[in-house]
Amino acid sequence: MSNLENNEKILKIFSNIRCLNRDQLPRYLDGRLTDVEKHLVEQHLVDCNLCFDALQVLQQQQYREKYQPLATSMQQYIRNSIKRISQVHKVERYQRQEQKKESFLIYFWVVAAIAISAGVIYLVQQQGKLKSPVSKAIASNAELPAAKPENPPLQAAVVTPVRVEEAPALKTTPPTTTSPEAPVATPKLVERKDSLKTAVKPPAAPAVTKDSAKKLPPPPSKPVEAKETTRVAVVHKDTPAVVKRTEDKPAPVKKEKEKEDVPEKKATAEPSGTDEFLYKAAQVYHQQGDLNEAISRYKHLAESPGKYGELSRYQLAVCYRSKGQTGKARRMFKEVVRMNGSMKDKAQAALDNL
Amino acid sequence: MLQQLTNLSDKELISRARKLKDQEAEGVLMERYSHLMVAVCLPYLNNGPATTPEEVYPALLQRLSASLRTQTIPKANEWIHYTIRAQQAQTEKNSPFFPSTESREQQQMENKVEKAATNLKEQQLLAATMEGVLEKLPAEEKYFLKEFYLHAKSFAELAATKNYTIEKTRQILQQAKQKMASLLMNETYE
């Protein structure tokens, strides 16, 4: 234990001790330090010339009196200069902090703006993807009443069929009086009858046989009559015969039409749900200028029976015409005319214009 | 900030003042030694032209501040003492401060002791070497060192035993310590 203490004491020879502070200096001079403290001060004084010189000076009374006020004024002088510097430092630090804050805020808002714009773009893209053609059609279906006044010809095309359907029934009788158109009209009527008969298969089949039976006999009878009369007379007779035929025909035609109207109505009533919807959807594409899509949709509809088939063929022709494919347009208009439906006149007029 | 700086050692304050150009640290260092500067300069005040306290102390502070940026300062008290003496000598040539060989050796020994403070074995080894070196010193120096450090006698007591002045007693102790440091450093180099 004594060896350890001895070691510690020997090591004290080279221990580093701080200079006397402003409190210790007068106390040492006055002998107001403890033994330990005094020994520590003296240990330091062995090496420190500054402290020893200061003590030597202050031991003289004349300097001791001057020392205290000068020491305080010196301390004050240094503190004042530090304060000024520290204030400048503080201002600089504050400015730096403010600049940092500002720059941080700018970065934050820039990043936020970029994030928001990216989010908006993403949402818009997502919305665009989600909008399928069907939903578009539904949306446009809801918008149709609003869109109608914008496109009057299409509206007419949709609305007219009902009126036109009624008109031919009334018009079928007058052709008898107009001689040049009558022969042209009658074969077409016959053709239409045939087509209608094919459309209405089981009930019309016996009627066709009857008609054909009725129609077939006259030709052999006519040449016999022609042989008996002069050629001129034959000519004159032929026309009334035709007229007679036409006069005869309206009745069965009407009957047939009455018969056909019922199934036709049935046919139109049946697909009206889906066909009307598909037709309107196609019209929307047509209105939007997407002719290819409209054509594909009209094509799909054109094969369906009923008024929407005819209407879609007519619209197909219009589409072809607006695409500049006049050949196809003409063919379609001809088909519509051949169908002899409600759009026949319009199709004919369009054909003439082409 | 000032409160934090006052707790730093001289070495840390000097390094802050030099590397970071921290004038606050410089101020704290000056304030720490200001009372000693005042005391040491007192006999040279009002002795001639430009020796009023208002001129001497700011000039001294400026001189210290200038030398702080350029010079290596292992011990602040030695550096301040050297600068004060240079100012009092009124030498135009501002010769830089260099610590003496004795001072450097002494400081190296102080560092060694500080380093060994946490290791008991090293402490024992160092103490044994120091004891060996102490025996090599002249009898008077050995006596003074033993009495002062091992028996904790004061300057006055030592001076009284040999009828020396306190100044002489301190001088003998200082010389003995320096000799011991140089002997110890030579032993380590061998």
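One can find the structure itself at the top, above this paragraph.
What counts and how
Residues numbered from 1 in each chain as written. Chains lettered and ligands numbered in written order. Predicted model: local features only at pLDDT ≥ 70, side-chain atom pairs only at ≥ 80, totals over all residues. Heavy atoms only, no water. Salt bridge = Lys/Arg side-chain N within 4 Å of Asp/Glu carboxyl O. Helix = DSSP H or I, 4+ residues; strand = E, 2+ residues; numbered from the N terminus. Buried < 20%, exposed > 50% of the residue type's maximum accessible area, 1.4 Å probe, protein only. Phe/Tyr/Trp six-rings, centres within 6.5 Å; stacked < 30°, edge-to-face > 60°. Lys NZ or Arg CZ within 6 Å of the ring centre and 35° of its normal. Axes fitted to C-alpha atoms, helices over the stretch in contact; angles between N-to-C directions. Parallel < 35°, antiparallel > 145°, perpendicular 65-115°, else oblique. Left-handed = near helix turned anticlockwise from the far one by under 90°. Contact = heavy atoms within 4.5 Å. Nonpolar A, V, L, I, M, F, W, Y, C, P; charged D, E, K, R; others polar.

Participant: Even after reading the chapter, I still don't get the pattern of salt bridges, so can you show me in this structure?
Facilitator: Side-chain pairs of opposite charge can arise whenever the charged atoms involved come near each other. All names here are of chain A. Under the criterion given, the structure shown has 21 salt bridges over all chains. Of the charged contacts, one joins R96 and E92 as a salt bridge, the two residues approaching to 3.7 Å between their closest N and O atoms. A residue pair is termed a helical-turn pair when its members lie 3 or 4 positions apart in one helix, as R96 and E92 do in helix α5 (residues 61-130) at four residues. Residue E92 is classed as partly exposed on the basis of its relative accessible area of 35%. Of the charged contacts, one joins R313 and E335 as a salt bridge, the two residues approaching to 2.7 Å between their closest N and O atoms.

Participant: Would you mind going over the packing of aromatic side chains with me for this structure?
Facilitator: Two aromatic rings are characterised by how far apart their centres lie and by the angle between their planes. Scanning the entire structure with this criterion turns up nine aromatic pairs over all chains. Measuring from centroid to centroid gives 5.4 Å for Y279 of chain A and Y308 of chain A, while their planes differ by 50°, and the two rings are tilted. Of the two residues, Y279 of chain A is situated in helix α13 (residues 272-288) and Y308 of chain A in helix α15 (residues 307-323); the sequence distance between them amounts to 29 residues. According to the relative accessible area criterion, Y308 of chain A is buried, its value standing at 9%. Aromatic ring contacts, followed pair by pair, group Y279, Y298 and Y308 of chain A into a single cluster. Note that K168 of chain B overlies the ring of Y164 of chain B, its terminal NZ or CZ placed 4.5 Å from the centroid.

Participant: Just to check I follow, could you spell out unusual backbone geometry for this structure?
Facilitator: The phi torsion of most residues other than glycine is negative, and most of the peptide bonds are trans. A positive phi is found at N340 of chain A, a non-glycine position, where the angle reads about 55°. For N340 of chain A, the position within the fold is in the loop between α16 (326-339) and α17 (344-353). A relative accessible area of 11% means that N340 of chain A is categorised as buried. One non-glycine residue with positive phi stands out, namely N163 of chain B, at about 55°. By the secondary structure assignment, N163 of chain B is in the loop between α9 (155-162) and α10 (166-189).

Participant: Looking at this structure, I do not really get the packing of helix α4 (residues 53-70) of chain B against helix α5 (residues 76-88) of chain B. What am I missing?
Facilitator: Residue and element names in this part refer to chain B. One can describe the packing of α4 onto α5 by two numbers: an axis separation of 10 Å at closest approach and a directional angle of 125°. Overall, the two elements α4 and α5 adopt an arrangement that is oblique. Two packed elements cross with a definite hand, and for α4 against α5 that hand is right-handed. On α5, the residues that touch V56, A59, L60, R63, L64, S67 and L68 of α4 are W79, I80, T83, I84, A86 and Q87. When its residues are assigned to classes, the contact of α4 with α5 shows nine nonpolar, three polar and one charged.

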